[in-house]
Amino acid sequence: MNKNNQRILHDGNISYVVPFILITSCFALWGFANDITNPMVKAFSKIFRMSVTEGTLVQVAFYGGYFAMAFPAAMFIRRYTYKAGVLLGLGMYAFGAFLFYPAMKMGNYYPFLLAYFILTCGLSFLETSCNPYILSMGSEETATRRLNMAQAFNPMGSLLGMYVAMNFIQNRLHPMDTTERATLSQEEFEVIRDADLNTLVTPYLIIGAVILIMLIVIRLKKMPSYTDQNKRIDFLPTLRRIFRVANYREGVITQFFYVGAQIMCWTFIIQYGTRLFTSYGMGEQEAEVLSQKYNIIAMSIFCASRFICTFLLKYFNPGALLKTLAIAACICTLGVISFQNYWGIYCLVGVSACMSLMFPTIYGIALKGLGDDTKFGAAGLIMAILGGSILPPMQASIIDMGTIGGFPAVNLSFVLPLICFIMVTIYGHRTTKR
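Residues numbered from 1 in each chain as written. Predicted model: local features only at pLDDT ≥ 70, side-chain atom pairs only at ≥ 80, totals over all residues. Heavy atoms only, no water.

*Asks:* Teacher, can you tell me more about the packing of aromatic side chains here?
*Replies:* Geometrically, a pair of aromatic rings is defined through the distance of the ring centres and the angle of the planes. Taken as a whole, this structure holds 33 aromatic pairs when the rule is applied. Judged by centre distance (6.0 Å) and plane angle (80°), the ring pair of F153 and F307 falls under edge-to-face. With F153 in the loop between α9 (143-151) and α10 (154-169) and F307 in helix α16 (residues 284-312), this residue pair connects regions lying 154 residues apart in the sequence. Since its relative accessible area comes to 35%, F307 is described here as partly exposed. Taken together through their ring pairs, the aromatic side chains of F44, F48, F62, Y63, Y66, F100, Y109, Y110, F112, Y116 and Y204 make up a single cluster. Over the face of the ring belonging to F189 we find R49, whose NZ or CZ atom lies 3.9 Å from the ring centre. The positively charged end of R79 is found above the aromatic ring belonging to Y80, 5.2 Å away from the centroid. (Phe/Tyr/Trp six-rings, centres within 6.5 Å; stacked < 30°, edge-to-face > 60°. Helix = DSSP H or I, 4+ residues; strand = E, 2+ residues; numbered from the N terminus. Buried < 20%, exposed > 50% of the residue type's maximum accessible area, 1.4 Å probe, protein only. Lys NZ or Arg CZ within 6 Å of the ring centre and 35° of its normal.)

Take a look at the structure:
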């Protein structure tokens, strides 16, 4: 860590370096969970012989957990501390991961959805705690840069999640494609299904053990507490107060659309690439794995771009930079829709470079100046992650149409992310004007 970064992790004589490192590691841990999960939409659809729309129930359960627990997490943190919220979040994360084992034994899709929901209830506690915790570790002037620095480690966890999904799940599933599986007898189907589920759950059990170790380390380390002097929870008055702030109110709406766009782009790159590569004569499983490789490239670019954008924030207004990248994302998404060759997936990879700045910058702008209401403000922004639960099934329903007017439905489905990026552009513009 260079001297400049060390300066923004100090406040007077107080050093936040070790707490910052520990909490930043949590960003990588939920990044892993997010991006090992996106390819599972396709995997579960194949394993249980379901449509893409049914497969996206994984995302409904996953991001529904974020929505359900955001304000309970905020109330818990207000009553106790950020550290307590982090510990409870890690505990629920581990518990949800371990539930994959009994779900596998049942051989049914829906217990997996329950496991995802509980796991992401933990992630909701983690994000509601960790994001404002990072903002509080130093001066308000450097808060947005500090959050971008911490968020830069999130895609590192995402890259690991994608790598594990590709090499330890997708590559090891039975090579029989979706069409062939549909012709199997029930007995033959169950044999292949059970073997595939055994492959799928192993990484989740391992990450559950890693999370438990992390929980113990943070529990034993002395951390800044930031306990509120006033522990009263004036829920409705606080909500009315924070939603009167234009930056915050519009930030919540924008975060909803941004998260929806992010999840759609990183989930359906598998379907987009599979359609493209099979049109060139590639087998389905080979096409899925190659699509995931492109997803990993996209996340690598996203990760590098986040560090670059964090540096640029020293010199540019956050709202202006957000607006510029959102416009670039709109242009790339138009390419995703229009091209039916390799240029389309190149554009989809390019979208990730544009997205790198968006979540933490929207978050930092929206929370600026909320003072004691920051915990509840953070919860509202985490609830906005519901966009990742609502919008992907809408895109999946378009993809399931196959073709629309002779045009691939998977291409046309990216109209939804385009609309989302337009919303981000508007927020960046309005923020800059203010």
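*Asks:* Please explain the environment of A320 as it appears in this structure.
*Replies:* The topology assignment puts A320 in helix α17 (residues 318-338). For A320, a relative accessible area of 29% translates into the label partly exposed. Along the chain, A320 and R430 lie 110 residues apart, while their C-alpha atoms are 9.4 Å from each other.

*Asks:* Help me out: how do you make sense of the side chain of Q255 in this one?
*Replies:* Mapped onto the elements of the fold, Q255 is located in helix α14 (residues 246-267). Overall, Q255 belongs to the buried group, its relative accessible area being 0%.

*Asks:* In this structure, what is going on with the confidence of the model for the protein? I would like to understand it.
*Replies:* Atomic detail in the predicted coordinates should be set aside for any region of low pLDDT. Taken residue by residue, the protein gives an average pLDDT of 87. The fraction at 70 or more is 94%. Within the protein, the lowest mean pLDDT, 49, falls on helix α1 (residues 3-7), and the highest, 96, falls on helix α7 (residues 100-106). (pLDDT = per-residue confidence, 0-100.)

*Asks:* In this structure, what is going on with the nonpolar core? I would like to understand it.
*Replies:* The nonpolar side chains of a soluble globular protein tend to be buried, and buried together. If you look at the biggest cluster of nonpolar residues, it comprises 146 residues, and the most contacted ones within it are F44, Y93, F112, L200 and M358. Element by element, the count of residues in this core is highest for helix α8 (residues 109-136), at 13 residues. Apart from residues lying up to four places away in sequence, F44 is in contact with R49, M50, V58, Y109, F112, Y116, L197 and L200. (Core = buried A, V, L, I, M, F, W, Y, C linked by side-chain atoms within 4.5 Å. Contact = heavy atoms within 4.5 Å.)

*Asks:* Would you mind going over the state of the cysteines with me for this structure?
*Replies:* Two cysteines whose sulfur atoms are joined by a covalent bond form what is called a disulfide. Summed over the entire model, instances satisfying the criterion amount to zero disulfides. Considering cysteine sulfurs only, C130 is the nearest to C26, which forms no disulfide, with 4.4 Å between them. (Disulfide = S-S within 2.5 Å.)

*Asks:* Would you mind showing me how to read the pattern of salt bridges here?
*Replies:* For side chains bearing opposite charge, pairing can occur when the charged atoms are close. Considering all chains together, one arrives at six salt bridges under this definition. Here K42 makes a salt bridge to E288, at a shortest N to O gap of 3.7 Å. With K42 in helix α3 (residues 40-47) and E288 in helix α16, this residue pair connects regions lying 246 residues apart in the sequence. E288 matches K42 in its accessibility class, with the two residues each being buried. A salt bridge links E250 to R430; the shortest N-O distance between them is 2.9 Å. Of the two residues, E250 sits in helix α14 while R430 sits in helix α23 (residues 415-433), which places them 180 residues apart along the sequence. Relative accessible area serves as the criterion here: at 14%, E250 is assigned to the buried category. It is possible to trace a salt-bridge network through shared partners that takes in K42, K46, E284 and E288. (Salt bridge = Lys/Arg side-chain N within 4 Å of Asp/Glu carboxyl O.)

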